[in-house]
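Topology and contacts: notes
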Amino acid sequence: RTVSAAPVAGAAPARATRGTVADDRRRHIFEAACQVLAKKGFANASIREVAAASGMPVPTMYQYIQSKEDLLLLIYQHFMRDVGRSMQAAITAGAPAHENLEQLVRTMLEVYNANQKYIRLMFQETKSLPPEMRRIVFDIDGQNIAIVRNLLAECREAGVAEFDNDEIAANLVYFVCTIWALRHWTLGKHRRAAVDQAVLDFIERGLAVRQGGARRAEAARRNGRSAPTRRRHG
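Considering the side chain of Asp166
- Relative to the helices and strands, Asp166 resides in helix 8 (residues 166-176).
- Of the residues examined, Asp166 reaches a relative accessible area of 18% and is grouped as buried.
- At 2.6 Å, the side chain of Asp166 and the side chain of Arg156 are in polar contact.
- Those residues in contact with Asp166, other than ones at most four positions away along the chain, are Arg149, Leu152, Ala153 and Arg156.

Details of the packing of helix 4 (residues 68-90) against helix 5 (residues 97-114)
- Relative orientation of the contacting elements helix 4 and helix 5 amounts to 150°, with a least axis distance of 9 Å. Classed by the angle they form, the pair helix 4 and helix 5 counts as roughly antiparallel. Handedness of the helix 4/helix 5 crossing: right-handed. Every residue of helix 5 that contacts helix 4 at Phe79, Val83, Ser86, Met87 and Ala90 is listed here: Asn100, Gln103, Leu104, Thr107, Met108, Val111 and Tyr112.

A word on the confidence of the model for the protein
- When pLDDT is averaged across the protein, the result is 83; 82% of the residues are at 70 or more.
- Taking the mean pLDDT of every element in the protein, the minimum, 48, falls on helix 12 (residues 212-222) and the maximum, 96, on helix 8.
- Considering only residues more than four positions removed or in separate chains, one finds that residues 1-18, a stretch of pLDDT under 50, has 46 contacts.
- A low-confidence stretch, residues 225-234 stays under pLDDT 50, and its non-local contacts, those more than four residues away or across chains, total 13 contacts.

Describing the packing of aromatic side chains
- A complete count under the given rule lists three aromatic pairs for this structure.
- Relative to Tyr118, the ring of Phe79 has its centre 5.6 Å away and its plane inclined at 45°; by these criteria the two rings are tilted. Note that Phe79 is positioned in helix 4 and Tyr118 in helix 6 (residues 116-125), a separation of 39 residues in sequence.
- On the accessibility criterion, Phe79 (6% relative accessible area) is buried.
- A ring pair is formed by Phe123 and Phe175, whose centres lie 5.9 Å apart and whose planes are at 65°; its orientation type is edge-to-face. Of the two residues, Phe123 sits in helix 6 while Phe175 sits in helix 8, which places them 52 residues apart along the sequence.
- The lysine or arginine in question, Lys68, covers the ring of Phe42, its NZ or CZ lying 4.7 Å from the ring centre.

A closer look at unusual backbone geometry
- Residue Ala208 is not a glycine yet carries a positive backbone phi of 55°.
- Along the chain, Ala208 turns up in the loop between helix 11 (192-206) and helix 12.
- By relative accessible area, which is 18% here, Ala208 ends up buried.

Thoughts on the nonpolar core
- Formed by 69 residues in total, the largest nonpolar core has its most connected members in Val148, Leu152 and Leu207.
- With 11 residues, the top contributor of residues to this core is helix 4.

As for the pattern of salt bridges
- Inspection of the entire model under this criterion finds 12 salt bridges.
- Between Glu31 and Arg27 there is a salt bridge whose closest N-O contact spans 3.8 Å. Residue Glu31 and its partner Arg27 are both found in helix 1 (residues 19-40); the two are separated by four residues, about one turn of the helix.
- Here Arg149 ties to Glu167 by a salt bridge, and the two come within 3.0 Å at their closest N and O atoms. Of this pair, Arg149 sits in helix 7 (residues 131-157) while Glu167 is found in helix 8, placing the two residues 18 residues apart along the sequence.
- Judged by relative accessible area, which is 26%, Arg149 ranks as partly exposed.

Some words on helix 4
- With 23 residues, helix 4 extends 33 Å from end C-alpha to end C-alpha; this agrees with the ideal 33 Å at 1.5 Å per step.
- Here helix 4 lies mainly inside the structure; 17 of its 23 residues are buried.

Rules and cut-offs
- Residues numbered from 1 in each chain as written.
- Predicted model: local features only at pLDDT ≥ 70, side-chain atom pairs only at ≥ 80, totals over all residues.
- Heavy atoms only, no water.
- Helix = DSSP H or I, 4+ residues; strand = E, 2+ residues; numbered from the N terminus.
- Buried < 20%, exposed > 50% of the residue type's maximum accessible area, 1.4 Å probe, protein only.
- Polar contact = N/O pair within 3.5 Å; in protein donor to acceptor, adjacent residues only side chain to side chain.
- Contact = heavy atoms within 4.5 Å.
- Axes fitted to C-alpha atoms, helices over the stretch in contact; angles between N-to-C directions.
- Parallel < 35°, antiparallel > 145°, perpendicular 65-115°, else oblique.
- Left-handed = near helix turned anticlockwise from the far one by under 90°.
- pLDDT = per-residue confidence, 0-100.
- Phe/Tyr/Trp six-rings, centres within 6.5 Å; stacked < 30°, edge-to-face > 60°.
- Lys NZ or Arg CZ within 6 Å of the ring centre and 35° of its normal.
- Core = buried A, V, L, I, M, F, W, Y, C linked by side-chain atoms within 4.5 Å.
- Salt bridge = Lys/Arg side-chain N within 4 Å of Asp/Glu carboxyl O.
- Expected span 1.5 Å × (residues − 1).

Here it is, written out as C-alpha cells:
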C-alpha cells in the first residue's frame, strides 16, 4: 500500500519544489527508506542507497531530509499513524464495548501482521533515534495506546470486563498483538488464524470479558474440542 509522506520533524524544508511535486518526492523517499532500511538495517543503510531507490539525486533528497534518523522517524510516523487510523476505524459508535474490543484486537492483529518488517524495525532501531525524535515516536505510540485504554475503560464501566489498571491492561493488549511479527520464527509453524484466535482468547480471559464465552464455545465446537472453562481470579 502506498502512503503519502508528511514532512519529517526537524528536516530541511523543500526549497526547489512545492505542492504535489514535493509530496510525490516525500512519498518516494518514504517508500525507498522502508525498502532499504527493512532490508539492510539502520546501521548498514546509507542515504545514497535510499536516494538511488527513490530515483532522485542525493542533493535533491537532502532538500527533504537531513539524516538517516529523519528517514527512520519518517517510517515510524507513517506506520504508527496508519495503525492509529485503523484502530479508530475498528470502533463502531453505539456498538457494545466488548464487541468493539474484539474488533479492535482483530484489526490490530491484521495491521501488525501485514506490516511485520516495520514492527521489527521499530523494536530494533528506536534506540538509534536522538531523544527528541524518540519523544515524537513515544507520543504517537501513546495516542494509539490511549485508544485501547479508553475502550477498556468502557468495557469495565459497562460491567463486561474485570481488571485493575487501565494503563497496564492497555499496554498489555497493545503489545500482545505484535506477537506474530516478533515471534514468527517460532509461531510460523502454526496457522495465522489459530495464533490470532489464541491471542484474542488470551486477552479476553485475562480481562475477564464475559460476552466472549459464547464465541469461544462456538469456535471450540468447530475445532472439535470442548470449550475452555473460565476461572475467576481473586
